[in-house]
Amino acid sequence: MSCGNPVADADALMERRKKYDKTKNCVKCKTAPGNLVIRHAVYCKDCFIPLVVHRFRRALEPAVNPKADGPRRTALKPTGNLLVGFSGGLGSSSLLDLVHRCYVALDKSTMPAEGGRDHPRNERVWKKVTVCYVEVCDAFPGMKDRSEEIAQSVKRYDELDFVSLRIQDAFDRAWWEKIGGRPYPPQLGVTLRDEALFLKSFESPSSAPLDALRAYLSSLPTPTAVTTSVQTLIRVLLLHTALQTGSSHLVLGTSLTSLAVSLISGVAQGAGFNIREETQEDWTPDPEALPTDDTSQKSDTTKSRKTKRIVRIVRPLRDVGMKECAAFAWWAGVPIVGKEKWGWAGARPGIGTLTKDFIVGLEKDYPSTVSTIVRTCGKLAPKGEVSGKCILCGRPAQRGVQEWKARISIRSHPASSPDTPAPEPLAEPPETAQPSLTPYLCYACHTTLTSRSARPVPSPWPATAAPSATGDPPAVALPVWAEVRLSAAEGREGSEGADHVHGEIVQTRRVGQEEMKDIVNEFLLED
């Protein structure tokens, strides 16, 4: 084999690796002919389903107990219930079937043979299992509502509770108070079309949740920002639902392929500091999100104060690829409702879509690529200190990222024509600071809200993206959990000795020319 031109020299083509390694027989039982090839290994149907069950339990059970450690050697004793995030897609449908088999129906074929009939592992782990679905059809025009299909699909499993939400619940005060969140004054909005992300007070009462959602999405700068924001809203809605249902664990149907896509696209969008949270994370709710004290629940509230409420997000299918999920769903008879693509007319594919197309296409010819990506990202460690949580996504925020971003950012301003008179010196600015959302955000969320495309981007809902009557960028409402955090932060800043949620209070004000000269005067070189 040479490295010449493959058109002129036939020997220049690299030989493709065989689909399977040595034999067509199953690598587990060694006797039955193989039915499926997974990363060059051959499996038969009878050995493949137990293999998926084993990988599922191996990824989930070490994270069940409050102290997550290595292979499980003790009984499984979670501190709460279980919430299953369900989307109707391939991964979540396979996950729901596996959860029901192993932890609800207690299928004997899924239990390990060691330990005997009375072993503690054969007992039910979670007393209550809830399935939560978030409908996103109202976020994108022309999308079909699948709530009824999802409800019918979940109904085929016994002893499961079902909770159906809509994506606009993230802007619904009634939903927030229903799950026990503390009330807050709806008075602040943000101008997403301004890179400074200034906060403004609403003069009129807030609009309907659906209108608030569409105005928020229409103000985002790129299609990537829209899809990323919808994913963030879904994730935080599931977390607060887990808090409401008393769940200590939230499991998601993220397969090995989907996890690789999330890791690469997250790093491309500036979420490298939270790369470990993509695999597993422990979410601690804000004090404002905890249920308010109630007389009938006084004893439960006192007990919950002693133990810190934590919701652990686990992805039990992180060792099972998309091809394996499809084979399991086919052989196990799992119905797949399906998911529609997120998009609208004229919108270009976002970073997540492009990353998925690339990795799925690469996996066809190089099956080990996906597992290599996940293993490599698992070795990465974030650099820097944590300074609180992001107000939008709830993930850790890195200290000093806004100062670093200000130093490396390049801003271009339109050149003025020769006929344009020089601006007059600015008067001394008043000592009033306009509040900004920027100090409350992590780097990834701030980039999502402010990183604009050089090309014009069509809005998913043009009617809600119209400018205000004064011509200023319109202020849009924030998700309810963000407004609660802002209201609480305002109260702390108004009290004596209060600190910012990220450890510092950042103020923005306009600086005059004379003051700017005084600042840089010591750095100027003499003629």
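The following paragraphs examine the structure supplied in this document. Nothing here was measured: the structure is a model prediction, and the numbers come from that model. (Residues numbered from 1 in each chain as written. Predicted model: local features only at pLDDT ≥ 70, side-chain atom pairs only at ≥ 80, totals over all residues. Heavy atoms only, no water.)

**Topic: the overall build of the protein chain**
Moving on, step 1. Helices and strands together make up the secondary structure of the protein chain, namely 15 helices and 13 strands.
Moving on, step 2. The buried share of the protein chain, reckoned over its 527 residues, is 45%.
Moving on, step 3. A sequence separation of at least 24 residues applies to 76% of the contacts in the protein chain between residues at least 6 apart.
Moving on, step 4. Here the protein chain has roughly 29300 Å² of accessible surface; of this, 53% comes from carbon and sulfur atoms. (Helix = DSSP H or I, 4+ residues; strand = E, 2+ residues; numbered from the N terminus. Buried < 20%, exposed > 50% of the residue type's maximum accessible area, 1.4 Å probe, protein only. Contact = heavy atoms within 4.5 Å. Areas by Shrake-Rupley, 256 points an atom, 1.4 Å probe, with all protein chains shown as cover.)

**Quick notes on the pattern of salt bridges**
Any two side chains of opposite charge can pair, given that their charged atoms come close.
Moving on, step 1. Under the definition given, this model contains 20 salt bridges.
Moving on, step 2. The shortest N-O distance in the salt bridge between Arg-57 and Glu-61 comes to 2.8 Å.
Moving on, step 3. For Arg-57, a relative accessible area of 8% corresponds to the buried category.
Moving on, step 4. Across the pair Arg-58 and Asp-319 runs a salt bridge whose closest N-O atoms are separated by 3.6 Å. Placement of the pair is Arg-58 in helix H1 (residues 45-60) and Asp-319 in the loop between strand E10 (311-314) and helix H9 (322-332), with a sequence separation of 261 residues.
Moving on, step 5. Since its relative accessible area comes to 45%, Arg-58 is described here as partly exposed.
Moving on, step 6. The network of salt bridges with shared partners includes Lys-144, Arg-146, Glu-149 and Glu-340. (Salt bridge = Lys/Arg side-chain N within 4 Å of Asp/Glu carboxyl O.)

**Side note on the packing of aromatic side chains**
Moving on, step 1. Here the structure, examined in full by the defined rule, presents seven aromatic pairs.
Moving on, step 2. Residues Phe-140 and Trp-344 carry aromatic rings whose centres are separated by 6.2 Å and whose planes lie at 20° to one another, so their mutual orientation is stacked. In this pair, Phe-140 sits in the loop between strand E4 (129-135) and helix H3 (147-155) while Trp-344 sits in the loop between H9 and helix H10 (351-365), placing the two residues 204 residues apart along the sequence.
Moving on, step 3. For Phe-140, a relative accessible area of 1% puts it in the buried group.
Moving on, step 4. Residue class for Trp-344 comes out buried when judged on its relative accessible area of 10%.
Moving on, step 5. Each member of the aromatic cluster is reached from another via a ring pair, and the members are Phe-56, Tyr-103 and Trp-126.
Moving on, step 6. The positively charged end of Arg-156 is found above the aromatic ring belonging to Tyr-157, 4.9 Å away from the centroid. (Phe/Tyr/Trp six-rings, centres within 6.5 Å; stacked < 30°, edge-to-face > 60°. Lys NZ or Arg CZ within 6 Å of the ring centre and 35° of its normal.)

**Concerning the environment of Ala-329**
Moving on, step 1. Mapped onto the elements of the fold, Ala-329 is located in helix H9.
Moving on, step 2. With 234 residues separating them in the primary sequence, Ala-329 and Leu-95 have C-alpha atoms 9.8 Å apart.
Moving on, step 3. Not counting residues within four places of it along the chain, the set of residues in contact with Ala-329 comprises Leu-90, Ser-94, Val-334 and Ile-336.

**Description of empty space enclosed by the protein**
Moving on, step 1. Tallied over the entire structure, the rule returns one cavity of 30 Å³ or more.
Moving on, step 2. Put simply, the largest cavity is a space of about 100 Å³.
Moving on, step 3. Along its surface, the largest cavity is lined by 16 residues, and His-240, Trp-283, Asp-286, Gly-394 and Trp-481 are the ones closest to its centre.
Moving on, step 4. Listed by contribution, the elements that provide at least two residues to the lining of the largest cavity are helix H6 (223-244) and helix H14 (480-494).
Moving on, step 5. The element that contributes the greatest number of residues to the lining of the largest cavity is H14, accounting for three residues.
Moving on, step 6. Partitioning the lining of the largest cavity into residue classes produces ten nonpolar, two polar and four charged. (1 Å grid on protein atoms, 1.4 Å probe; cavity = no way out; pocket = protein on both sides within 12 Å on 5 of 7 lines; lining within 4 Å. Points joined across faces, edges and corners; volume = space filled by probe spheres on them. Nonpolar A, V, L, I, M, F, W, Y, C, P; charged D, E, K, R; others polar.)

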